[in-house]
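Structural characterization, general
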Amino acid sequence: MTAPTPPTTRGALERREARLAWGLLLPTIAIVSLVIILPLLSIFWISFKPVGLADLRPVAPVLRESLRQRGGVDVIEYRVRNSSQQKAITGLGFSDEIPDGVTFTELPEICSLDGSNLTCIYGDVEGGFNERLRLPVTLDGDPDALEEIVEGSEPRGFGSGDNILTNSEFTLKNFTRIFDGAEFWAVLWATIFYTVVGTVGALVVGLFAAMLLNKEFKGKGVLRGLYLFPYVSPIIAVAFTWVALMDPFSGSLNALLIQMGVTDSPINFFGQRPLALIMVTVFEIWRYFPLSFLFILARMQSIDTDMYEAADMDGASPFQKFWYLSLPMLLGILSVLFLLRFIWTFNKFDDIFLLTGGNAGTRTLTVNVYEQAFAISNIGAGAAVAVVIFATLLLFSVFFFKYISQEEGL
């Protein structure tokens, strides 16, 4: 009879397996940290900073050197400026290596020459500092060759400035600004409407499409391919096709509606409230219902047909079979699809931006991030809106996994 394995031996084996597992997972954890966690932390950091688009460039001296003639006198001209319009530079200055054949005839007090090394020190300068320093010289040699040598050398600037991205200055003004604005709540309402209606609509249309193709009939494969067309088509192509078809001046849809007598004047589908928001939501449903259709159809085809045969023998109607047999079997996949589609739709940017640019009441939170950060050059406010998006999705995910997923047994 074989003796049982000692507990200490099994414990050592489990520890070795655990170390091996962590060793194999370590590269994945590192990649996830670099790709997801670090950018997320940077967004949180920037959201508490008064950062504009111009502040992304570090505060540093900008130098240009040229050899010119001014009033018949050869001069080396240095253009020195502060890269920031608001932040000061402490100890601003530069140094340059002067080539042979170039001799200074006069130097200002801020400059000194040590052999062939020229050093000029301005000290502390304010934001927006911009000055041209012209030093008269005499040339001994070919002027064109000396000009090429002078302009080919790069003066070395020095000085330090406050970097708003790395200093200890924090503020809540970004969040105060977005929450105090009346337009934020309109944007939030548009986002919720677009996300909820778009998500539920895509699930419902996908469910009906899956029910239609859950039967065997001629041409089923062709129809399934047509169902996938909205999802696999390039977003730019389908977005501009919709805009062209529904254009109030040259769109085919408006011409058809007028000829049929449905309307007397063209309808600006993507340019008037609240129709524009409804249309971009319809576009969302049309474009992304194929994803729901594929998953739901796959789940339907895995359901045992015996219970449907038993229901037929009991005289159950098609609606009763769907409500009491099919739907309970589909609740799990519908819950997962709702979670995924809700998160993806809430984060959707390109569809709305291509269709309306966020105008006519279609500005969602993601479009607002773009407008805050780049349209009005307020990176901090854009990051604050991004943090609001993250917090909203986090709360929704916690609610989903705590209540809905438990009810569905996920």
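1. Here we look at the layout of surface pockets
Roughly 520 Å³ of volume is contained in the largest pocket. Those elements that provide at least two residues to the lining of the largest pocket are α4 (182–212), α8 (275–301), α9 (306–313) and α10 (318–346). Considering each element in turn, the lining of the largest pocket owes the most residues, 4 residues, to α10. The residue makeup of the lining of the largest pocket, split by class, is 8 nonpolar, 4 polar and 3 charged. Lining the second largest pocket are 14 residues, with Ala186, Arg273, Ala360, Gly361 and Thr362 sitting closest to its centre. Ranked by residue count, the leading element in the lining of the second largest pocket is α4, at 5 residues.

2. A short note on the packing of aromatic side chains
Two aromatic rings are characterised by how far apart their centres lie and by the angle between their planes. Per the counting criterion, the structure on display carries 26 aromatic pairs. Taken together, the aromatic side chains of Phe338, Phe342, Phe346, Phe396, Phe400 and Phe401 make up a single cluster linked through ring pairs. Over the face of the ring belonging to tyrosine 288 we find arginine 341, whose NZ or CZ atom lies 4.5 Å from the ring centre.

3. Some remarks on the state of the cysteines
Tallying each qualifying case throughout the model produces 1 disulfide. The disulfide partner of cysteine 111 is cysteine 120, and the S-S distance across this bridge is 2.0 Å. Disulfide cysteine 111-cysteine 120: the torsion about the S-S bond is 110°, which places it as right-handed.

4. Quick notes on unusual backbone geometry
Going from arginine 273 to proline 274, the amide bond is cis rather than trans, its omega being -15°. When you line up the elements, proline 274 lands in the loop between α7 (252–259) and α8. The phi torsion at alanine 360 lies on the positive side, around 60°, for a residue other than glycine. Its place among the elements puts alanine 360 in the loop between α11 (350–355) and α12 (365–375). Positive phi is not limited to glycine here, since serine 377 has a value of about 60°. Along the chain, serine 377 turns up in the loop between α12 and α13 (379–408).

5. Structural notes on the environment of glutamate 17
Within the secondary structure, glutamate 17 is located in helix α1 (residues 7–47). Residue glutamate 17 is classed as partly exposed on the basis of its relative accessible area of 48%. Sequence spacing of glutamate 17 and glutamate 77 is 60 residues, and the spatial spacing of their C-alpha atoms is 69 Å.

6. Side note on the sheet that holds strand β3 (residues 89–97)
Taken in spatial order, the 4 strands make up an open sheet running β5-β6-β3-β8, and their pairing is antiparallel. For this open sheet the edge positions go to β5 (111–114) and β8 (156–161), each flanked by a neighbour on one side alone. With strand direction ignored, the average angle separating the axes of adjacent strands in the sheet is 15°. As judged from the 4 bridges shared by β5 and strand β6 (residues 117–125), these two strands associate in the antiparallel manner. Along β6, the bridge assignment pairs aspartate 114 with asparagine 117.

7. A word on the pairing of strand β7 (residues 130–139)
Successive residues of a regular strand alternate their side chains across the two faces of the sheet. Sheet analysis places strand β2 (residues 73–82) next to β7, joined by 7 bridges and oriented antiparallel. Counterpart to tyrosine 78 in the pairing with β7 is leucine 133. Here strand β4 (residues 102–104) runs beside β7; their pairing, made up of 3 bridges, is antiparallel. Each residue of the ladder has a partner; that of phenylalanine 104, found in β7, is valine 137.

8. Overview of empty space enclosed by the protein
In total, this model carries 1 cavity of 30 Å³ or more according to the counting rule given. If you add up the space inside the largest cavity, you get close to 30 Å³. Forming the walls of the largest cavity are Val62, Leu63, Arg64, Arg79 and Arg81. Elements supplying a minimum of two residues to the lining of the largest cavity: β1 (61–70) and β2.

9. Thoughts on the packing of helix α6 (residues 235–245) against α8
Between α6 and α8, the least distance of the axes is 12 Å, while the angle of their chain directions is 135°. The angle between α6 and α8 places the two elements in the oblique class. When you trace α6 past α8, the crossing you get is right-handed. When α6 is examined against α8, the residues Ile235, Val238, Ala239 and Trp242 are found in contact with a partner set consisting of Met279, Val282, Phe283, Trp286 and Arg287. Its residues assigned to classes, the contact of α6 with α8 shows 8 nonpolar, no polar and 1 charged.

10. Structural notes on the nonpolar core
Formed by 23 residues in total, the largest nonpolar core has its most connected members in Ile76, Tyr78, Val80, Phe94, Leu118, Tyr122 and Leu133. Counting only elements with at least two residues in this core, the list comes to β1, β2, β3, β4, β6, β7 and α2 (143–152). Tallying contributions element by element places β6 first for this core, with 4 residues. Setting aside anything within four residues of it in sequence, one finds tyrosine 78 in contact with Arg64, Glu65, Phe94, Asp96, Ile98, Leu118, Glu131, Arg132, Leu133, Leu135 and Pro155.

What counts, and where the lines are drawn
- Residues numbered from 1 in each chain as written.
- Predicted model: local features only at pLDDT ≥ 70, side-chain atom pairs only at ≥ 80, totals over all residues.
- Heavy atoms only, no water.
- 1 Å grid on protein atoms, 1.4 Å probe; cavity = no way out; pocket = protein on both sides within 12 Å on 5 of 7 lines; lining within 4 Å.
- Points joined across faces, edges and corners; volume = space filled by probe spheres on them.
- Helix = DSSP H or I, 4+ residues; strand = E, 2+ residues; numbered from the N terminus.
- Nonpolar A, V, L, I, M, F, W, Y, C, P; charged D, E, K, R; others polar.
- Phe/Tyr/Trp six-rings, centres within 6.5 Å; stacked < 30°, edge-to-face > 60°.
- Lys NZ or Arg CZ within 6 Å of the ring centre and 35° of its normal.
- Disulfide = S-S within 2.5 Å.
- Buried < 20%, exposed > 50% of the residue type's maximum accessible area, 1.4 Å probe, protein only.
- Pairing = 2+ DSSP bridges.
- Axes fitted to C-alpha atoms, helices over the stretch in contact; angles between N-to-C directions.
- Parallel < 35°, antiparallel > 145°, perpendicular 65-115°, else oblique.
- Left-handed = near helix turned anticlockwise from the far one by under 90°.
- Contact = heavy atoms within 4.5 Å.
- Core = buried A, V, L, I, M, F, W, Y, C linked by side-chain atoms within 4.5 Å.

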